[in-house]
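Residue-level structure breakdown
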Amino acid sequence: MAKRVKRKIKIGNLVRFLVILIIIFSSIYLVLNSNIKNIVITGTKYLSDEEVLKESKLNDYPSFFLTLDLSIKNNLKKNNLIKEVKVKRKIFNEIELNIKEYKIVLSYKDKYVMENGKMIDYKNDLRVPKLINNVDDKILKDLAVSLTDVHEDVLGKISEIEYVPNTYDKGRFLLYMNDSNSVYLTLTKFDKINYYDDVLEQLEGKKGFLYLDSGNHFKIME
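The notes below deal with the structure included here.

Definitions and limits used
The residue count restarts for each chain, going from 1 along the sequence in the order it is written. Owing to the predicted nature of the model, reporting of local features is limited to residues with pLDDT of at least 70; listing and counting of side-chain atom pairs is limited to 80 or more, with chain, interface and lining totals taken over all residues. Note that water and hydrogens are dropped before the side-chain values are worked out from all heavy atoms of the structure. Strand pairing requires that DSSP identify at least two bridges connecting the strands. Starting at the N terminus, helices and strands are each numbered in turn, a helix being any DSSP run of H or I of at least four residues and a strand any DSSP run of E of at least two. Axis angles are defined between N-to-C directions and span 0 to 180 degrees, where every axis is a line fitted to C-alpha atoms and, for a helix, only to the segment in contact. In this analysis, two residues are considered to be in contact whenever any of their non-hydrogen atoms come within 4.5 Å of each other.

What follows deals with the sheet that holds strand β3 (residues 94-101). To summarise the sheet geometry, strands pair through backbone hydrogen bonds and adopt either a parallel or an antiparallel arrangement. Across the sheet, which stays open at both edges, the three strands sit in the order β1-β3-β2 with mixed pairing between neighbours. Of all the strands in the sheet, just β1 (38-42) and β2 (82-90) have a single pairing partner and so form its edges. If you compare each strand with its neighbour and ignore which way they point, the axes differ by 20° on average. Bridge count for β1 against β3 is five bridges, and the pairing is parallel. Bridging across to β3, Ile-41 finds its partner in Leu-97. Strand contacts of helix α2 (residues 49-56): β1 and β3, with the helix running at about 115° to β1, the strand carrying the most contacts. Strands in contact with helix α3 (residues 69-76) are β2 and β3; relative to β2, the strand with the most contacts, it is inclined by about 155°.

Another aspect to go through is the pairing of strand β5 (residues 111-114). Regular strands have side chains that alternate between both faces of the sheet. Here strand β4 (residues 104-108) pairs with β5 via four bridges, running antiparallel. Within β5, the position partnered with Ser-107 by the bridge is Tyr-112. Hairpin connection, β4 to β5: the antiparallel pair is bridged by two residues, and Lys-109 has positive phi, about 55°. Sheet topology note: the β5/strand β6 (residues 119-120) ladder contains two bridges and is antiparallel. Following the sheet pairing, Tyr-112 is matched in β6 by Ile-120. Between β5 and β6, which follow one another and run antiparallel, lie four residues, and Gly-117 among them has a positive phi close to 90°.

Purely geometric stuff here, so don't read any function into it on its own.
Next comes the structure, spelled out in structure tokens:
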């Protein structure tokens, strides 16, 4: 008859095993719950760092490892001004948010219009031209897209824009400049306004109407 062998569990080994398990799980818990230490925000012009932190839900510096990049992006993309978000993770629990905003190109009906033609409320005053008459949504979007290619310094020199279509061109506009000159432009030639300063040098201080919609000629103001 076979004898039953009783194996004795050594209490010391069991205690050491349990201690190791506790250390491992405690370390994992501490790592997973270690907070974000620093947040770097780049690429913003219209949104403040405080707004970005609040809308990304990072303002209380949550867990570095449990906060997902996708969650950060989805939270920020709820803001209509934000076009694209890139999240980079760096050592020492640092997160970098690179944000690309939609460019605001004009004001219209007490709102601002972005490069995609969408209208938004914005708390600060911006140096952008004002569209002074009513247009339909398509014309507004086409104008906004065309203004996207206008250089920032030139855009700031346009005071007002008036939609002035004629029989031959439904995309024709009159731009009132801050220096009292006026410029006729069509949607297909809006990039010509980027050479406005070069044209001014040739006008020798004269004021009038610059026709860039059909040819390049200047009519002195009477």
